[in-house]
Structure formats: C-alpha cells, structure tokens
Amino acid sequence: MGFLSGMDISGSGLTAQRMRMDVISDNIANVDTTRTADGTPYTKKYVVLAERSDFAGVLKNASGGTSGSVSGGVRVTEIGEDTTTPYQLVYDPTNPDAGADGYVRMPNVDITQEMVDMISAYRSYEANVTAFNAYKDMAIKSLEIGK
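None of the values given here were measured: they were computed from a predicted structure.

A. Quick look at the overall build of the chain. When helices and strands are tallied, the chain shows two helices and six strands. Secondary structure of the chain in N-to-C order comes out as α-β-β-β-β-β-β-α. Out of the 147 residues belonging to the chain, those deemed buried represent 23%. Of the contacts formed within the chain by residues at least 6 apart in sequence, a portion of 65% connects residues at least 24 apart.

This is the structure in structure tokens:
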C-alpha cells in the first residue's frame, strides 16, 4: 500500500457519493416530469457502486505473499433506471398527457425515499471527508517526526 493510498481511497468515496447526490437531485427535479424525449414519464435513476481493486504491480514473492501496491476504494459501475417500480397514476383529465381514462402516468420517484437516500449519501460523503482529513493529519505529523 502506498503512502497516499488512504487519500486515494477516501477520494474515490467522495467522487462516488457526489455522483449519488447528482442522480438523487436529478430524480427530485423530475418528480413532475410526465413526458420525456421518448414520450414516457421520467424513470427514476439509481447508482450502482462496486469495490475498486487495482492489482497492477502486485507480484507473488518467494514466500507466497504479495508485494507491490494494491489500492482500494469504490467506483461507479452503472447508472441504471428503475423499471420495476410502476409509474403512479393521477386522475387529471385536463392534463395534456392524460390518457383516454383521464389518468396521467407520473414518474416512479418517491420523494421520501429520495430524501432518505440523500441523507445517506451526505453522511457517507461526510465520513469520507473526515477520514481524508484524519489521514492528512497523520501524514503531516509523521513528516514532522524527523524535525
């Protein structure tokens, strides 16, 4: 593990949580969008995160252990669309997007769930900032040992 890998791991977490916040805010902004470019209501989006492993430079040594650098962290693997949750139906016959029965298909975005996800992403972002700052402080203190 390299000297700055702790900062790299926290930085990847910051980037991933920022992406989550962007997708959540996009969902909230489109909660009333009944018609997109393809003519359907807005479909909720979500972020899929996965472990980031970089095994470049990892070599087997004579005793069977490994040496080299292994960096971890997290990465965004996909921004998907929630096609399993049905659209909400709202009766509004005056709406131009209403069907023959007077119902308008609304996006499948639940504001309450989005707010819970936003708080979770915010707390994760905050934890990564705290870890980054702690690692930075330890690195500074270790450099001051030789003075």
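Now that the structure has been shown, we can carry on.
B. Summary view of the pattern of salt bridges. Tallied over the full model, the rule gives six salt bridges. Residue Glu 114 is joined to Lys 44 by a salt bridge in which the shortest nitrogen-to-oxygen separation is 3.2 Å. Pair noted here: Glu 114 is in helix H2 (residues 111-144) and Lys 44 is in the loop between helix H1 (5-29) and strand S1 (45-51), with a separation of 70 residues, a long-range link. Using a relative accessible area of 14% as the deciding quantity, one classes Lys 44 as buried.

C. Just the pairing of strand S6 (residues 103-106), in detail. Side chains Val 104 and Met 106 of S6 all project onto a buried face; the interleaved residues Tyr 103 and Arg 105 project onto a face where none is buried. As defined by bridge partners, strand S5 (residues 88-91) adjoins S6 across four bridges and the pair is classed as antiparallel. Residue pairing for S6: Gln 88 is matched across the bridge by Met 106.

D. Representation of the environment of Met 115 within the structure. Structurally, Met 115 is set in helix H2. In this structure, the C-alpha to C-alpha distance between Met 115 and Ile 24, residues 91 residues apart in sequence, is 8.2 Å.

E. Quick peek at the confidence of the model for the chain. Across the chain, the average pLDDT comes to 87, with 86% of residues at 70 or higher. The weakest mean pLDDT in the chain belongs to strand S2 (residues 59-60) at 46; the strongest belongs to S6 at 95.

F. Structural context of the packing of H1 against H2. Contact geometry of H1 with H2 gives a least axis separation of 9 Å together with a crossing angle of 160°. Here H2 runs roughly antiparallel to H1, going by the angle between their axes. Seen along the crossing, H1 lies across H2 with a hand that is left-handed. Of the residues in the contact of H1 with H2, the class split is 15 nonpolar, nine polar and five charged.

What counts and how
- Residues numbered from 1 in each chain as written.
- Predicted model: local features only at pLDDT ≥ 70, side-chain atom pairs only at ≥ 80, totals over all residues.
- Heavy atoms only, no water.
- Helix = DSSP H or I, 4+ residues; strand = E, 2+ residues; numbered from the N terminus.
- Buried < 20%, exposed > 50% of the residue type's maximum accessible area, 1.4 Å probe, protein only.
- Contact = heavy atoms within 4.5 Å.
- Salt bridge = Lys/Arg side-chain N within 4 Å of Asp/Glu carboxyl O.
- Pairing = 2+ DSSP bridges.
- pLDDT = per-residue confidence, 0-100.
- Axes fitted to C-alpha atoms, helices over the stretch in contact; angles between N-to-C directions.
- Parallel < 35°, antiparallel > 145°, perpendicular 65-115°, else oblique.
- Left-handed = near helix turned anticlockwise from the far one by under 90°.
- Nonpolar A, V, L, I, M, F, W, Y, C, P; charged D, E, K, R; others polar.

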